[in-house]
Amino acid sequence: MTQDELKQAVAQAALEEVRKDLNKDTIIGVGTGSTANYFIDELAKVKMDFDGAVASSEASAERLKAHGIPVYDLNSAGILDVYVDGADEINARLQMIKGGGAALTREKIVASASRKFICIADESKLVDILGDFPLPVEVLPMARSHLGRELVKLGADPQWREGVTTDNGNWILDCYNFQLDDPLKLESRINDIAGVVCNGIFAQRAADVLLLGCKDGVKRMTAEV
């Protein structure tokens, strides 16, 4: 199977995972990125079975609306039953690096406001130790240089993702050569630096379920302890 076929397979599996609990009042949290886009397209097939969605980015909101799926603000939606999104990397504890699409802050907010987080990914995203994928950090523009120096002190090689502005009006520093041996501790440490809006470590709010697209089918995983 190609990578796109694996993404399609996990999107279909995610629809089956959430479909059994759908009702007319259900509002689904929806992530951002290529795998999430496949899920949005699958959701369109059952759009009459639920109320609508909360999107983690403007791009996802537009795709949902194009399918005729109502999009709600999280403030009005309240606690969500489920959030479905992809990952740039994920480990056996279902801790992740996210933010390749620069939507990490909104993704983390929607995930935190959801009772259940389903991650959908192809098998190339499963790793033993997070960090081969550069860790995105959303920063206030005025603090970019300062934060770059602070991230160097933590062992990272930060690079400004030039030409990219987040939906929140901020910038992204991508941290290369940064092995995340203790994701929980490092997530808090980075967020404590003044000027950081959010970082792409999802350890405090890890996924509850991973639907992993493999060559022999979709594997359903829960976190190892």
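Residues numbered from 1 in each chain as written. Predicted model: local features only at pLDDT ≥ 70, side-chain atom pairs only at ≥ 80, totals over all residues. Heavy atoms only, no water.

Visitor: Hey, could you go over the state of the cysteines for me, with residue numbers and the actual values?
Guide: The tally for this structure, following the rule as stated, stands at 0 disulfides. A disulfide-free cysteine, C175 has its sulfur positioned 13 Å from the sulfur of C198, the nearest such atom. Classification of C175 by relative accessible area gives buried; the value is 0%. C214 forms no disulfide, and the closest cysteine sulfur to it belongs to C119, at a distance of 13 Å. (Disulfide = S-S within 2.5 Å. Buried < 20%, exposed > 50% of the residue type's maximum accessible area, 1.4 Å probe, protein only.)

Visitor: Now, about the sheet that holds strand β1 (residues 27-30): what can you tell me, with residues and values included?
Guide: Overall, mixed pairing links the 6 strands, which are arranged β2-β1-β3-β6-β12-β13 in an open sheet. Each edge of the open sheet is held by one strand with a lone partner, namely β2 (52-55) and β13 (217-221). Mean inter-strand twist for the sheet, computed between neighbouring axes without regard to direction, equals 25°. In this structure, strand β3 (residues 80-85) lies alongside strand β6 (residues 114-122), joined through 5 bridges in parallel fashion. Residue pairing for β6: V84 is matched across the bridge by I118. (Pairing = 2+ DSSP bridges. Helix = DSSP H or I, 4+ residues; strand = E, 2+ residues; numbered from the N terminus. Axes fitted to C-alpha atoms, helices over the stretch in contact; angles between N-to-C directions.)

Visitor: With reference to specific residues and values, describe the sheet that holds strand β10 (residues 196-199).
Guide: Pairing is antiparallel in the open sheet, where 4 strands are placed in the order β8-β9-β7-β10. Single-partner strands in this sheet number two, and they are β8 (157-160) and β10. Across this sheet, the average inter-strand angle for adjacent strands is 30°, counted without regard to direction. As judged from the 5 bridges shared by strand β7 (residues 135-139) and strand β9 (residues 171-176), these two strands associate in the antiparallel manner. The residue of β9 that forms the bridge with P136 is D174.

Visitor: For the environment of K65, give the residues involved together with the corresponding values.
Guide: Position of K65 among the secondary structure elements: in helix α3 (residues 58-66). Judged by relative accessible area, K65 falls into the partly exposed class, the value being 47%. Taking C-alpha positions, K65 is 9.9 Å from A44, a pair spaced 21 residues apart along the chain.

Visitor: Give a description of the packing of helix α2 (residues 34-43) against α3 that names residues and reports values.
Guide: It is at 9 Å that the axes of α2 and α3 come closest, and there the two elements cross at 25°. Judged on the interaxial angle alone, α3 and α2 are roughly parallel. As for the relative orientation of α2 and α3, their crossing is right-handed in sense. Counting all contacts with α2, which are made through N37, I40 and D41, the residues of α3 involved are S60, R63 and L64. Classifying every residue of the contact of α2 with α3 by side-chain character gives 2 nonpolar, 2 polar and 2 charged. (Parallel < 35°, antiparallel > 145°, perpendicular 65-115°, else oblique. Left-handed = near helix turned anticlockwise from the far one by under 90°. Contact = heavy atoms within 4.5 Å. Nonpolar A, V, L, I, M, F, W, Y, C, P; charged D, E, K, R; others polar.)

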